[in-house]
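Inside the fold
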Amino acid sequence: MKTICICGGGALGLVMASVLASQKDCAVNILTAHSQVWGNNVETEDANGEIYKGELQCVSNEPKEVIPQSDVVLLCVPGFLIENILKKIKPYITTQAVGSIVSSTGFFFQAHEIFGEHASLFGFQRVPYIARVDEYGHRAKLLGYKKQLYIATENLPLDFEEQWSVRLQTPVTHLTNYLEASLSNSNPLLHPARLYGLWHNWKGQTYPQQDFFYANWDEFSSEIYIAMDEEFQQLCKKLHVHVQPVLEYYESIDAKSLANKLQSIEAFQSILAPMIKTEMGWLPDFKNRYFTEDFPFGLQIIKDLAVKHNIETPTIDTVLEWGNSKIGK
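Since the model is a prediction, treat every value here as computed from it, not as a measurement. (Residues numbered from 1 in each chain as written. Predicted model: local features only at pLDDT ≥ 70, side-chain atom pairs only at ≥ 80, totals over all residues. Heavy atoms only, no water.)

Here we take up the packing of helix H7 (residues 187–199) against helix H12 (residues 295–308). Taken N-terminus to C-terminus, the directions of H7 and H12 make an angle of 105°; their axes are 9 Å apart at the nearest point. In terms of orientation, H7 and H12 fall into the roughly perpendicular class. Within the contact between the two elements, H7 uses Pro188, Leu189, Pro192 and Leu195 and H12 uses Phe295, Gly298, Leu299 and Ile302. (Axes fitted to C-alpha atoms, helices over the stretch in contact; angles between N-to-C directions. Helix = DSSP H or I, 4+ residues; strand = E, 2+ residues; numbered from the N terminus. Parallel < 35°, antiparallel > 145°, perpendicular 65-115°, else oblique. Contact = heavy atoms within 4.5 Å.)

Printed below as a string of structure tokens:
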């Protein structure tokens, strides 16, 4: 894992590029549609003031210029771009490991279909960082780290996760199979639950200010999140997949304590609800990725699997129908 090609130029791609390029024994290539905006050097500052910076080997919008000379290809793109990226890089994949920074938006399902069963694949269960862009293609903010990361691999050496542990300076644990990485009660349930809590009764009115997504998290959003997770856990049980329940993961016992926990996480404090400012005030932004990704490429996958395995999901159904109506799905 000496040369890593990152596909995607958003916040996570920029932070990953900075962290990896800061390591002397790691070369970083970038595949992005906006290669002309990127500089040769990238820099990320974390919440403690630590700086990660380094020089990129190559930045291009052409797979042939960055994929063949890479050992690992890491997708840092939203769910709706995964299929297109995989098809674009396929002609240049030989022995490279191809993976995704998060697997809950359908990566493994699409990679299996495009590359076949013998491909070397990997995917993280959750993103390693909470990231924000300062200047696109140049600087980013790393708002929070994960204490532990989980990864699923296929047709890769046993020490592959250990290599990532070193690169990310975070313990990385190997999962039993790709479903354990693909099925997540993080963003695919977390974001829709909060969005529904914020705006399920929205009738077109404007708001005087942009709300905080987590700092003002309420008990109703927690109740929805917990109910969705209970249905999700039934699916996991059916598939013999273990995903830590949300109350356990957030060290909570009920909706109130979960709301308090989510309000108190330091790395979440500055994250705002997806809204747009108009002359009349603030409105929900239904074109934001929280809507366009986490409903059709997160919650919908869970719903489809639940249908396939005859699992009833009344709360998920209510939230999914509401979210899909907002994005025209």
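Having put the structure on the table, let's press on.
Bringing the packing of aromatic side chains into the picture now. Enumeration according to the criterion identifies 24 aromatic pairs in this entry. Between tyrosine 249 and tyrosine 250, the aromatic rings sit 4.9 Å apart at their centres with planes inclined by 90°, giving edge-to-face as the arrangement. Among the residues examined, tyrosine 250 registers a relative accessible area of 6% and is labelled buried. Through a chain of ring-to-ring contacts, three or more aromatic side chains come together here, namely Tyr196, Trp199, Trp202, Phe220, Phe286, Phe291, Phe295 and Trp322. Stacked on the ring of tyrosine 249, the Lys or Arg arginine 126 has its end atom at 4.0 Å from the ring centre. (Phe/Tyr/Trp six-rings, centres within 6.5 Å; stacked < 30°, edge-to-face > 60°. Buried < 20%, exposed > 50% of the residue type's maximum accessible area, 1.4 Å probe, protein only. Lys NZ or Arg CZ within 6 Å of the ring centre and 35° of its normal.)

Quick look at unusual backbone geometry now. Phi is positive for asparagine 155, close to 60°, though the residue is something other than glycine. Looking at where asparagine 155 falls in the secondary structure, it is placed in the loop between strand S11 (149–154) and helix H5 (160–168). Judged by relative accessible area, which is 47%, asparagine 155 ranks as partly exposed. Notably, asparagine 310 is not glycine yet its phi reads approximately 55°, a positive angle. Examined against the element boundaries, asparagine 310 turns out to sit in the loop between H12 and helix H13 (314–327).

Attention now moves to the packing of helix H8 (residues 219–239) against H13. Relative to each other, H8 and H13 sit at 120°, their axes nearing to 8 Å. Here H13 runs oblique to H8, going by the angle between their axes. When the axes of H8 and H13 are compared, the crossing they make is left-handed. Contacts between H8 and H13 involve Ile224, Ala227, Met228, Glu231 and Phe232 from the first element and Pro314, Thr315, Ile316 and Val319 from the second. Among the residues forming the contact of H8 with H13, the class breakdown is seven nonpolar, one polar and one charged. (Left-handed = near helix turned anticlockwise from the far one by under 90°. Nonpolar A, V, L, I, M, F, W, Y, C, P; charged D, E, K, R; others polar.)

What follows is about the pattern of salt bridges. Applying the stated criterion across every chain, the model contains seven salt bridges. Taking the shortest distance from any N to any O, the salt bridge between lysine 261 and glutamate 251 comes out at 3.5 Å. With a gap of 10 residues between them, lysine 261 in helix H10 (residues 255–264) and glutamate 251 in the loop between helix H9 (246–249) and H10 connect regions that are remote in the sequence. According to the relative accessible area criterion, lysine 261 is partly exposed, its value standing at 28%. Here lysine 303 ties to aspartate 317 by a salt bridge, and the two come within 2.8 Å at their closest N and O atoms. With lysine 303 in helix H12 and aspartate 317 in helix H13, the pair connects residues that are 14 residues apart, well separated along the chain. The exposure class assigned to lysine 303 is buried, which follows from its relative accessible area of 16%. Overall, aspartate 317 belongs to the partly exposed group, its relative accessible area being 29%. (Salt bridge = Lys/Arg side-chain N within 4 Å of Asp/Glu carboxyl O.)

What follows covers the side chain of glutamate 154. Tracing the backbone shows glutamate 154 in strand S11. Although glutamate 154 is buried, it forms no salt bridge, and the closest oppositely charged side chain is lysine 308 at an N-O distance of 14 Å. Polar contacts involving the side chain of glutamate 154 include one to the side chain of histidine 112, which spans 2.8 Å. Contacts of glutamate 154, omitting those with residues within four sequence positions, involve Phe108, His112, Ala119, Ser120, Leu121 and Tyr178. (Lys, Arg positive; Asp, Glu negative; His and termini not counted. Polar contact = N/O pair within 3.5 Å; in protein donor to acceptor, adjacent residues only side chain to side chain.)

What follows covers the pairing of strand S9 (residues 129–135). Pairing analysis gives six bridges linking S9 to strand S10 (residues 139–145), with the strands arranged antiparallel. When the sheet's bridge partners are listed, alanine 131 is paired in S10 with leucine 142. Linking S9 to S10, which pair antiparallel, is a turn of three residues; within it glycine 137 sits at a positive phi near 80°. (Pairing = 2+ DSSP bridges.)

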